[in-house]
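Geometric and topological summary
Chain by chain, the residues:
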Amino acid sequence: MTEQHPNRRQFLTGAAALGAAAVIPGAAQAHNHGNHSGMVKVPPLTHTVFFWLKNPDSQEDRDALIKGLKTLEQIETVRGIHIGVPASTEKRDVVNNSYQVSELLLFDDVEGQNVYQDHPIHVKFVEDCSHLWKKVEVFDSMKV
């Protein structure tokens, strides 16, 4: 592992957290109605997951994983969700776009994230979709 790899992980985690405003219900309204700072209050715990598919060129597998991920927003402790694929941004040494699908979930606290981990919807998602991926990396971050 190179010294640059931890920086790449920190960058990906930070970038995911910055995109969190897009997944919070009412974010646009907060910006336009009374939130004069222009900042959206983001729940303090982010759970960012990157998936590498066993069949990375399979649109069917990618779609099945995305469909499964969308079920996670039904879990009561999830405050926001963003499901994505690598963006067509500038290729730089610090950008890792080798994954096929990502998810960013927002939680109020560690307890809420623990509820999510053990929730039947999450357990079913793993049972139904784990055959699709060869690698998963998770980055949990608490706001400072």
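Residues numbered from 1 in each chain as written. Predicted model: local features only at pLDDT ≥ 70, side-chain atom pairs only at ≥ 80, totals over all residues. Heavy atoms only, no water.

Quick look at the pattern of salt bridges
Stated formally: We count a salt bridge whenever a side-chain nitrogen from Lys or Arg sits within 4 Å of a carboxyl oxygen from Asp or Glu. Only DSSP runs of H or I reaching four residues or more are called helices, and only runs of E reaching two or more are called strands; each is numbered from the N terminus. Under the scheme applied here, a residue whose accessible area is under 20% of the maximum for its type counts as buried, over 50% as exposed, and between as partly exposed, the area being computed with a 1.4 Å probe on protein chains only.
Evaluated as defined, the whole model comprises three salt bridges. Put simply, Asp128 and Lys124 hold a salt bridge, and the shortest N to O gap is 2.7 Å. A residue pair is termed a helical-turn pair when its members lie 3 or 4 positions apart in one helix, as Asp128 and Lys124 do in helix α5 (residues 120-129) at four residues. The exposure class of Lys124 is partly exposed, given its relative accessible area of 48%. Glu137 is paired through a salt bridge with Lys135; the nearest N and O atoms lie 3.1 Å apart.

So, the environment of Glu73
Quick note on the threshold: Contacts are residue-level and defined by heavy atoms, with any inter-residue pair within 4.5 Å sufficient.
Looking at the secondary structure, you find Glu73 in the loop between α3 (59-70) and β2 (80-84). A C-alpha to C-alpha distance of 8.4 Å links Glu73 and Leu105, two positions 32 residues apart in sequence. In this view, Glu73 contacts Val78 and Ile81; residues no more than four positions away in its chain are not counted.

Quick notes on the pairing of strand β1 (residues 45-53)
We count it as follows: Note: two strands are recorded as paired if DSSP finds a minimum of 2 bridges between them.
Of all the nine residues making up β1, nine are buried; the element is thus mostly covered by neighbouring parts of the structure. Along β1, one buried face is formed by Leu45, His47, Val49, Phe51 and Leu53 and the opposite face, lined by Thr46, Thr48, Phe50 and Trp52, is buried too. The pairing of β1 with strand β3 (residues 101-107) spans seven bridges and is antiparallel. Pairing of His47 across the sheet is with Leu105, part of β3. Bridge count between β1 and strand β4 (residues 133-142): nine bridges; the pairing is antiparallel. Looking at the pairing, Val49 lines up with Val138 of β4.

Regarding the sheet that holds β4
Our working rule: Only the stretch in contact is used when a helix axis is fitted, and all axes are lines through C-alpha atoms; the angle between N-to-C directions ranges over 0 to 180 degrees.
Reading across from one edge, β2-β3-β1-β4 is the order of the four strands in this open sheet, with antiparallel pairing throughout. The outermost strands of the open sheet, each flanked by one partner alone, are β2 and β4. Averaged over all adjacent pairs, the angle separating strand axes in this sheet is 15 degrees, with direction ignored. Taken together, the five bridges between β2 and β3 define a ladder with antiparallel strand orientation. Note on β3: the bridge partner recorded for Gly80 is Leu106.

Quick notes on the nonpolar core
The line we're drawing: Throughout this description, the term nonpolar core refers to a set of buried Ala, Val, Leu, Ile, Met, Phe, Trp, Tyr and Cys residues connected via side-chain atoms within 4.5 Å.
Counting residues in hydrophobic clusters, the biggest one holds 19 residues, and the most contacted among them are Phe51, Leu65, Leu69, Leu72, Tyr116 and Phe125. Those elements giving two or more residues to this core turn out to be β1, α3, β3 and α5. In terms of residues, this core owes the most to one element, β1, which gives four residues. With near-sequence residues (within four places) excluded, Leu65 lies in contact with Phe51, Leu53, Val101, Phe125, Cys129, Leu132 and Trp133.

Let's talk about α3
Definition in use: Helix span is expected to be 1.5 Å times the residue number reduced by one. The directions from the helix axis to the C-beta atoms are what the arc is built from.
Spanning 12 residues, α3 covers 16 Å between terminal C-alpha atoms, matching the ideal 16 Å at 1.5 Å per step. Inspection of α3 places Asp61, Leu65, Ile66, Gly68 and Leu69 among the buried residues, and these make up the whole buried set. Across the axial projection of α3, the buried residues extend over an arc of 160 degrees, all falling on one side. Along α3, exposed side chains directed more than 90 degrees from the buried face belong to Glu60 and Lys67. Turning to α3, the residues buried within the fold contact β1, β2, β3, α5 and β4.

Notes on the packing of helix α4 (residues 110-118) against α5
Selection criterion: Here roughly perpendicular refers to angles of 65 to 115 degrees, roughly parallel to angles under 35, roughly antiparallel to angles over 145, and oblique to all remaining angles. When residue character is reported, Ala, Val, Leu, Ile, Met, Phe, Trp, Tyr, Cys and Pro are called nonpolar, Asp, Glu, Lys and Arg charged, and the others, Gly included, polar.
In contact at an axis separation of 5 Å, α4 and α5 are set at 50 degrees when each is read in the N-to-C sense. By the angle class used here, α4 and α5 are oblique. Of the residues in α5, those touching α4 at Tyr116, Gln117 and Asp118 are Pro120, His122 and Val123. Classifying every residue of the contact of α4 with α5 gives three nonpolar, two polar and one charged.

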